[in-house]
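# Residue-level structural notes
In case you want the letters, here they are:
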Amino acid sequence: MFEVHAYAATDATKPLAPFKISRRDVGAHDVHIEILYSGVCHSDLHQAKGDWGNSTFPMVPGHEIVGRVKAVGSAVKKLKVGDYAGVGCMVDSCRECESCKKDLEQYCLVHTSFTYNGTEQDKTTPTQGGYSTDIVVEERFVVKISKKLDLKATAPLLCAGITTYSPLRHWKVGKGQKVGIIGLGGLGHMGVKFAKAMGAHVTMITTSEAKGADAKRLGADAVLVSKDADAMAKEAASFDFLLNTIPVSHDVAPYVALLKLDGTMVLVGALTPIDAFAGGSLMLPRRTIAGSAIGGMAETQEMMDFCAKHNIVSDIEMVDMASINETYERLVKNDVRYRFVIDMATMPKG
Ligand code: NAP
Ligand code: ZN
Ligand code: ZN
């Protein structure tokens, strides 16, 4: 075991503060990553503030982790010292169940070890995330990152990226389809980039009219302001696919109305209850509401390679570790363009 500097929430009401955690020694299958950058996901804030009722403290958030490989175990094949590597929302799973065998470790039927606010496979040892200087993770849960990409701007790919890439792939989004991405934040801006790169016609559906120009710059073909009832009515029953990234409970009915026959809306944002809506709105015309969580490790590597091929990274604003509490306040105020990334060189080491 070795000690590393980190930033932790010690309970849901206190600001995050400097903290020290232990990382395990590098085992045969492990990769030791020196963390250079860590993205700030809205889920970090939800969990640090106890919004989902499942928070355990002390908690070091952070599941958009990128850095340089510092050491590898003797059995590691995929990575070598000096490579750029990333860790997302999971650090382990049972590896033997039906889901794990299908490379869908996030849906492990036994126990997914989430990167923080979770436990290792012993279901006891707490996991601690990326707001720290180093992490040791089993090779299967580490992806290799191309040196062609700007490393700091790849951090958000590890959660915001894969969470949008995976449902777009699963529902086979592509050319000839009209796709709407709902909510232009961390997830949404990656959703626009991916849906566009996959060949779809992309509409950014936003509450913030002022983000329209950005949406176009990010690749959207059209912008639909969800607060404009007339504009929403004009687009009724016209979308093949909607990706809903809204982070809070909300009324889904106005979005369901946008789906055409056999259209699907995938929820990836709100984990909390959604407002009641009429069953009939799904029946006529045969619509589907579905959900999706991050993506498996093989697919996360596929997404990383897709990003290298298409030169896709996130639009980021760098922040210092010590400013994390103000950063969270800005996230709550929807003042993010479009992902905050912590420069781990700013970690206080007093
Ligand atoms: P974010 O950066 O805060 O973006 C969310 C966007 O949603 C905002 O920028 C805003 O866009 C829109 N929005 C916010 N409040 C809204 C409201 N009350 N009504 C309508 N639209 C609203 O958040 P994020 O990091 O992208 O995360 C989004 C959600 O996904 C979070 O709840 C997070 O926990 C969840 N998440 C889920 C997974 C998964 O595996 N399923 C993975 C990662 C994150 P506009 O200004 O354009 O309207
Ligand atoms: Zn996340
Ligand atoms: Zn499993």
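Before reading further, recall that the structure is shown in the block above.
This write-up is about the structure you can find in this document. (Residues numbered from 1 in each chain as written. Chains lettered and ligands numbered in written order. Predicted model: local features only at pLDDT ≥ 70, side-chain atom pairs only at ≥ 80, totals over all residues. Heavy atoms only, no water.)

### Quick look at the overall build of the protein chain
Selection criterion: For helices the rule is a DSSP run of H or I covering at least 4 residues; for strands it is a run of E covering at least 2, with both sets numbered from the N terminus onward. Values of the radius of gyration come from C-alpha atoms, whereas the globule rule sets the reference at 2.2 Å times the count of residues to the power 0.38. Working rule for contacts: check all heavy atoms of both residues, and any pair within 4.5 Å makes them a contact. Using the Shrake-Rupley algorithm and a 1.4 Å probe, accessible areas are obtained, with residue cover drawn only from the displayed protein chains.
Looking only at helices and strands, one finds eleven helices and 17 strands in the protein chain. Against the 2.2 N^0.38 benchmark of 20 Å for 350 residues, the protein chain shows a C-alpha radius of gyration of 20 Å, consistent with a compact globule. Dimensions of the protein chain along its principal axes, counting C-alpha atoms only, are 60 × 40 × 35 Å. Look at the contacts in the protein chain between residues 6 or more apart in sequence, and 68% of them connect residues 24 or more apart. On the protein chain, roughly 14,500 Å² of surface is accessible, and the fraction owed to carbon and sulfur atoms is 54%.

### Digging into the state of the cysteines
Rule in force here: Any two cysteine sulfur atoms within 2.5 Å of one another count as a disulfide.
Per the stated rule, a full pass over the model turns up zero disulfides. Cys-89 takes part in no disulfide bond, and the closest cysteine sulfur, belonging to Cys-159, lies 3.6 Å away.

### Describing the coordination of the zinc ion (ligand 2)
We count it as follows: Note that water is not among the atoms used; donors are N, O and S atoms within 2.8 Å of the metal (3.2 Å for Na, K and Ca), so sites may look incomplete. Only protein chains enter the accessibility calculation, which uses a 1.4 Å probe; a residue is then buried when its area is under 20% of its type maximum, exposed when over 50%, and partly exposed in between.
Within the protein, the atoms that donate to the zinc ion (ligand 2) are Cys-41 (SG), His-63 (NE2) and Cys-159 (SG), at distances of 1.9 to 2.3 Å. The motif formed by the donor residues of the zinc ion (ligand 2), counted along the single chain, is C-x21-H-x95-C. With Cys-41 in the loop between strand S3 (30-40) and helix H1 (42-48) and Cys-159 in the loop between helix H3 (151-154) and helix H4 (160-170), this pair connects stretches of sequence that are 118 residues apart. For the pair Cys-41 and Cys-159, one class covers both residues: buried.

### A few points about the coordination of the zinc ion (ligand 3)
Rules: In this scheme the shape depends on donor count and angles: four donors with every angle between 85 and 135 degrees give tetrahedral, four or six donors with opposite pairs above 155 degrees and others between 65 and 115 give square planar or octahedral in turn, and any other case is irregular.
In this structure, Cys-94 (SG), Cys-97 (SG), Cys-100 (SG) and Cys-108 (SG) serve as the protein donors to the zinc ion (ligand 3), at separations of 2.3 to 2.4 Å. Coordination at the zinc ion (ligand 3) comes from four donor atoms whose angles at the metal span 105 to 117 degrees, giving a geometry best classed as tetrahedral.

### So, the packing of H4 against helix H5 (residues 186-197)
For any two helices packed against each other, the geometry is given by the interaxial angle and the distance between the axes. As a reminder, the rule being used: In this description, a line fitted to the C-alpha atoms serves as the axis of each element, helices being fitted only across the stretch in contact, and the angle between N-to-C directions of two axes falls anywhere from 0 to 180 degrees. Here the angle decides the label: under 35 degrees means roughly parallel, over 145 means roughly antiparallel, 65 to 115 means roughly perpendicular, and every other value means oblique. Crossing handedness is read from the near helix: turned anticlockwise from the far helix by less than a right angle, it gives a left-handed crossing, and turned clockwise, a right-handed one. In this count, Pro and Cys sit with the nonpolar residues alongside Ala, Val, Leu, Ile, Met, Phe, Trp and Tyr, while Asp, Glu, Lys and Arg are called charged and the others, Gly among them, polar.
Running from N to C, H4 and H5 cross one another at 45 degrees; their axes reach a closest spacing of 8 Å. Here H4 is positioned oblique relative to H5, judged by the angle of their axes. Remark: the crossing between H4 and H5 carries right-handed chirality. Residues Ala-160, Gly-161, Thr-163, Thr-164, Tyr-165 and Leu-168 of H4 form the contact with H5, whose participating residues are Gly-186, Leu-187, Met-190, Gly-191, Phe-194 and Ala-195. Class assignment of the residues belonging to the contact of H4 with H5 gives a composition of seven nonpolar, five polar and no charged.

By themselves, these figures tell us nothing about what the structure is for.
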